[in-house]
Amino acid sequence: MNIKMSRLAMKMGVITAVLFSALGMGGAISSAHAGDEKTVYFNAWGGSPVINEYIIWAGERLNEDHGITIEHVKLTDTATAVSRILAEKTVGRNEGGSVDLIWVNGENFATMKNSGLLRDDAWAFDLPSWQYTDAEALPALVMDFGVPTDGLESPWGRAQLVFAYDTAVVNQPPRSATALKAWVMDNPGRFSYPLPPDFTGTSFLKQIALELAKDPSVFAQPVDQVDADLALSPLWDWLDAVHPYLWQRGKNFPKNYTNLAQLLGDGEINIAMAFNPAKFSNDIKTGALPDTIRTYIHDGGTLANVHYLAIPFNASAPEAAMKLADFMLSPEAQLRKANSDIWGDPTVLSMAKLSAKDQAAFAALPRGVATLSEAELSQSLPEPHPSWVAVIEAEWAKRYLSQ
Amino acid sequence: MALSQRMPPPRFDRRAPLRWLITALVVMVLVGPVALGVLGAVLPAFGYLPPLGGVEFSLQPFVDFFNLPGITRAIILSLVTGVVATVLSVLLALLLPGLLYGNRLFGLMRQYLAPMLSLPHVTVAVGLLFLLQPSGWLIRLISPYLTGWERPPVFEAIGGGIVQDPYGLGLVVGLIAKEVPFLVLLVLSALSQINTRPLLILGRSLGYGPMTSWIYLIVPALWIRLRLPIVIVLVFSLSVVDMALVLTPSTASPLAVRLLWLYQDADLAMRFVASAAAVVQIALVIVAFLWGWVLVKGLSHGGRALAFTGYRFRRSPLVFLKPLLVVMALLPTAMAALGLVAAGLWSVSGRWRFPSAWPDVFTLRHWKAVFSGLDDVVLTTFYLGATVSALAVVMVMLWLSQKPNKSLSMAENSIYLPLLLPQAGFLFGVQIMLLWFGLDGTWLALIWAHLLFVLPYVWLSLAPSWRSFNPQWNMLAASLGASPLSRFLRVRLPIMTLPVLTSFAVGFSVSAALYLPTVFASNGRITTLTVEAVTLAEGSSRSPLGVATGLQMILPLVIFILATSLARLRYKRFSYFK
């Protein structure tokens, strides 16, 4: 390289540097103007690659149809986004908020509804795709953990807690809380559950509490109207007995069900769980799990619920967010979501309201080797009132976070 | 000195306003926001935050904070891991070059440690995780042949696992893996500023062994030049979040992680408690700093006394420690590197059953999936890093081109402020401010937040070589009639190509590695690879994490290699100017 060329290179370097700075600043200025109405900041739990890929697909489809872009803000805990919106409301930002659409249900929905954090014009009932649902046949579409949705959120999918075990090492899976306790104590280090407040972890606690309760009906009431200590004491006794025998002695917990499934695949644990009946079939298909994995539910049934999409009161792109929520509820998107090769999240649509073609397509969906049939899944438990979540999580932290 | 004393009193300097402008800018961009950030953390800690209804001062947030479950343990864990990691890193970094001095390994050390510097902390942590888990690569490599394990073992004695142990050992190893290369490289650069070889020869000629000479003559000289980086390492180790998220068990997290959880709690009242936590975090740093200060005073007095006795360490246990020290210094880094190979393997594995040593099925599926999902993230990381680093390099160059005066040197000291405060301590307050001004989640906020941390590192990397420039070249050029601008562009810049490009690469890797500042300033709207990797490390299967880690590793490394090889290419022409 001669001096002339090197001088040129240096100039190029300086120009590049200036260019980058200008670029960054340009970006800064353009995004400082809030309210880009064609970009939906979709705040959704981001711990599952299959779900993330599904959201990418939805984004591409929406871009084709409406020129709308989806930015998936991957959350580790949905409460983070709820607290951010609450902070925005508190400092008086009534428009140009950072969240356009949020994936919620249960406790987070109840919090947002009570704090006035949601767009409140019952938009969900006006979506074109709402016609394919049947809230009379499936009341959970309008009752989220016992709290009326009032059209503040649009249903997205259904979920049920299922357990998975490795048939290569477990002969008979334990089909109740009591049997599970005995199994864990016989197989130290081979069971765990996601760290509450992860939703699967908290759901597991609720499941055990419901199973052990003398009178499960107390859980349908708000927590402050009953003797919560009494209702929850069987749960804490159960956990106290089981924790020393958990994976890593109950000192360390996987962060979510994806982590848990990884541990199952590695053989570190032998029983796992997920809030998606098709999760394990999906993982067998991709090779993440061995094909000796099968699923089961507890004899008394397991927790089942519906998850939703909601728009915050101060969303920057509410119209585009509605387009996305509507698309997510459409037969096309629901069909792809229910495919266990893609995600395997059961649909919220009513078959009777679909066209013959769509009905046939749903009927033809692969079910997956480890997925239970609809009949086997029919035993379900209702979610406790959302107010229980905070109490269970706080007490859990007090008991097991401090050691 | 004598010359300057005879100089007439300075006339009005027409460039003085520029210097004041730079100073003012630094204060506005760096010091002001940081100070406000601290204030934004301190006021709510005492109950004052009007937007959230806190209008009266009280100590309630501290009461609530100390009543949190397991918080004492978290504080102790932070303090112990931070201090142990720092003391070990410093000790190893000061002694390792002495142990290897004159050895063939000495040259190799520089070559292999420099790229480690460009690796984000969380990447190193993920590497260790991939290697050391009970189902990690290490155990897969030796199972079942050596161990007989057909399933991952359960290590009862140490709480079940190896990494993510409740005592923070994994975190300490991770910190050492990252800080030893950082400090060793600074030691190497300091060695070139002192008369290392003559000093060592002097020591030898007085009958001291090489290591004794090193400890008595070189270490004190190094110490003076390393004080600041050591404090930076201490502060970082005490308040690290991303590494701790990966390497500590979820029920025993250090204070900085608990602070983040408090901040993210859905209950806004927890913000007050989070502020109290931030204040405690700052106090922790001060306590640790005072400990360190006392320790160092004691050591230097003891060392001096020992030196006066002429003690020669012959037949001392230190001789046997030599190989152990080398292993201790290099093992964590080597393990992290090996773990990153494992991460690479996971990123292309379609199926990898335990205890197979290698993936059973290879696939590019995960990389393909990434290119439809992470391409934006890669671009964001690249633009952000390049912009921030270029800005920082230009700022530092402009600044260094000014004649030093009082206000400039004050500004120079304040540039380190963001590194001397625990990140979570003031970023939390900064976030509240950004929200107030409606700047959260904008590129402007993100660039500025990154600049806070990139600028001091660029300064650390560029300033020494910039100042070692021989001013006679400038005089020579001036005597040939070159204007100040052309002297800068045609003489100084070309000679300084290597340091300038290296500092650019350093700035880029710092930016690419920032976790907490990105999370706080972007408000979740702008994602970089590090944020993505932490999200994936916290809860995902290994293959996508392997891909994110691979990308995170490659990007700064490519910039680093490009910058240094480009500079070396040019440097060849100019090397005789040095």
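The structure displayed is predicted, hence computed values, not measured ones. Within every chain, residues take consecutive numbers counted from 1 along the sequence as written. Note on labels: chains are lettered from A, ligands numbered from 1, in written order. Confidence filtering applies because this is a predicted model: local features only for residues at pLDDT of at least 70, side-chain atom pairs given and counted only at 80 or more, and all residues used for totals across whole chains, interfaces and linings. Where side-chain values are given, they derive from all heavy atoms of the structure, hydrogens and water being excluded.

Our focus in this paragraph is the interface of chain B and chain A. Between chain B and chain A, the contact holds 70 residues from the first and 77 residues from the second. Carbon and sulfur atoms supply 57% of the area that chain B and chain A bury against each other, a total of about 6200 Å² over both sides. Here the quantity called buried area is the accessible surface, traced with a 1.4 Å probe, that two parts lose on coming together, added over both. Summed over the three residues of chain B that lose the most area to chain A, namely R151, T251 and R525 of chain B, the buried surface amounts to 12% of that side. One speaks of a salt bridge when a side-chain nitrogen belonging to Lys or Arg is within 4 Å of a carboxyl oxygen belonging to Asp or Glu. Along the contact surface separating chain B from chain A lie four salt bridges. Of the charged contacts in the structure, one is a salt bridge between R542 of chain B and D266 of chain A, with a shortest N-O distance of 2.5 Å. What qualifies as a polar contact is a pair of N or O atoms within 3.5 Å, subject to a donor-acceptor requirement within protein and to the restriction that residues adjacent in sequence count only when both atoms come from side chains. At the boundary of chain B and chain A, one finds 17 residue pairs in polar contact (both at pLDDT 80 or more). Whether two residues are in contact is decided by their heavy atoms: any pair within 4.5 Å suffices.

Residues and elements named next belong to chain A. Accessible area is worked out with a 1.4 Å probe on protein chains only. A residue is then buried under 20% of its type maximum, exposed over 50%, and partly exposed in between. A run of DSSP states H or I qualifies as a helix once it reaches four residues; a run of E qualifies as a strand once it reaches two. Both are numbered from the N-terminal end. Within helix 9 (residues 279–286), six of the eight residues are buried, which leaves the element mostly enclosed by the surrounding structure. Those residues of helix 9 that sit buried are K279, F280, S281, N282, D283 and I284. Looking at the buried residues of helix 9, the elements they touch are helix 2 (49–66), strand 7 (162–166), helix 8 (257–266), strand 8 (271–274) and strand 9 (293–296). A positive phi of about 95 degrees marks G287, the residue just after helix 9.

Turning our eyes to something else, we now look at the domain arrangement of chain A. All names here are of chain A. As used throughout, domain bounds are those supplied by an automatic or database domain assignment. Domain annotation of chain A identifies domain 1 (39–158 + 305–370) and domain 2 (162–304 + 381–400). Between the C-alpha centres of domain 1 and domain 2 there is a distance of 26 Å. In this assembly, 24 residues from domain 1 lie in contact with 27 residues from domain 2. Note on domain 1 versus domain 2: buried area summed over both sides is about 1900 Å², and carbon and sulfur give 55% of it. Counting the surface domain 1 buries against domain 2, the share from its top three residues, F145, N305 and A370, is 34%. Across the contact surface, domain 1 and domain 2 share one salt bridge. Residue D341 pairs with K285 through a salt bridge whose shortest N-O separation is 3.6 Å. Applying the counting criterion to the domain 1 and domain 2 interface returns six residue pairs in polar contact (both at pLDDT 80 or more). When contributions to the side of domain 1 that touches domain 2 are tallied by element, the ones reaching two or more residues are helix 2 and helix 4 (106–114). The residue classification treats Ala, Val, Leu, Ile, Met, Phe, Trp, Tyr, Cys and Pro as nonpolar and Asp, Glu, Lys and Arg as charged. All others, Gly included, are polar. Of the residues contributing to the side of domain 1 that touches domain 2, the split by class is 12 nonpolar, seven polar and five charged.

Residues and elements named next belong to chain A. Burial of strand 10 (residues 302–310) is extensive: eight of the nine residues sit out of reach of the surface. Bridge count between strand 3 (residues 101–104) and strand 10: three bridges; the pairing is antiparallel. Bridging from a neighbouring strand, W103 pairs with L309 of strand 10. Two strands pair when backbone bridges link them, and strand 6 (residues 153–160) and strand 10 are joined in this way by seven bridges, in the antiparallel orientation. Counterpart to P155 in the pairing with strand 10 is Y308. For two strands to be treated as a pair, DSSP must find at least two bridges joining them. Looking at chain direction, strand 10 and strand 11 (residues 380–381) are connected through two bridges and run parallel. Looking at the pairing, T302 lines up with S380 of strand 11.

Another aspect to go through is helix 13 (residues 387–400) of chain A. Residue and element names in this part refer to chain A. With 14 residues, helix 13 ought to run about 20 Å at 1.5 Å a step, and its terminal C-alpha atoms sit 21 Å apart, in line with that. Of all the residues in helix 13, the buried ones are W388, V389, I392, E393, W396, A397 and Y400. Buried residues along helix 13 cover an arc of 155 degrees about the axis, so they all sit on one side. Looking at the buried positions of helix 13, the neighbouring elements they touch are helix 4, helix 6 (199–212) and helix 7 (228–242). Helices are assigned an expected span. That span is 1.5 Å times one less than the residue count. As used here, the arc belongs to the directions running from the helix axis to the C-beta atoms.

Residues and elements named next belong to chain B. Domain parsing of chain B yields domain 1 (16–48 + 364–578) and domain 2 (64–363). Its C-alpha centre places domain 1 at a distance of 24 Å from the equivalent point of domain 2. Taken together, the contacts link 44 residues of domain 1 with 47 residues of domain 2. Interface of domain 1 and domain 2: buried area, both sides summed, is about 3900 Å²; carbon and sulfur atoms make up 74% of it. Broken down residue by residue, the surface that domain 1 buries against domain 2 is led by P422, F428 and R542, which jointly contribute 17%. There are zero salt bridges connecting domain 1 and domain 2. Looking at which element gives the most residues to the side of domain 1 that touches domain 2, the answer is helix 26 (residues 542–574), with 11 residues. Looking at the side of domain 1 that touches domain 2 residue by residue, the classes come out as 29 nonpolar, 12 polar and three charged.

Here we take up the nonpolar core. One recurring pattern in soluble globular proteins is that nonpolar side chains are buried together. Only buried residues count toward a nonpolar core. Its members are Ala, Val, Leu, Ile, Met, Phe, Trp, Tyr and Cys residues joined through side-chain atoms within 4.5 Å. Within the largest apolar cluster, 191 residues are counted, with the highest numbers of intra-cluster contacts made by F65, L191, L222 and Y515 of chain B. Here the element with the most residues in this core is helix 20 (residues 443–467) of chain B; it accounts for 18 residues. When residues of this core are assigned to domains, at least three map to each of domain 1 (16–48 + 364–578) and domain 2 (64–363) of chain B. Beyond its immediate sequence surroundings of up to four residues, L222 of chain B is in contact with L94, V187, A190, L191, I194 and W214 of chain B. W123, L260, A317 and F327 of chain A belong to the second-largest nonpolar core, a separate cluster that totals 94 residues.

Let us now look at the pattern of salt bridges. All names here are of chain A. Overall, the coordinates contain 18 salt bridges over all chains when judged by the stated rule. E64 is the salt-bridge partner of R61, the closest N and O atoms lying 3.3 Å from each other. You can see R61 and its partner E64 sitting in helix 2, three residues apart, about one turn around the helix. As a salt-bridge pair, K113 and D150 come within 3.0 Å of each other at their nearest N and O atoms. Here K113 is found in helix 4, whereas its partner D150 is found in the loop between strand 5 (147–148) and strand 6, with 37 residues between them in sequence.

Across a sheet, paired strands are connected by hydrogen bonds in the backbone, their directions being either parallel or antiparallel. All names here are of chain A. Across the sheet, which stays open at both edges, the three strands sit in the order 8-7-9 with antiparallel pairing between neighbours. Each having just a single partner strand, strand 8 and strand 9 make up the two edges of the open sheet. Averaged over neighbouring strand pairs, the angle between their axes works out to 30 degrees when direction is ignored. Taken together, the four bridges between strand 7 and strand 8 define a ladder with antiparallel strand orientation. By the bridge assignment, Y165 is partnered in strand 8 with I271. Angles shown run from 0 to 180 degrees and are taken between the N-to-C directions of axes, each axis being a line fitted to C-alpha atoms and, for helices, limited to the stretch in contact.

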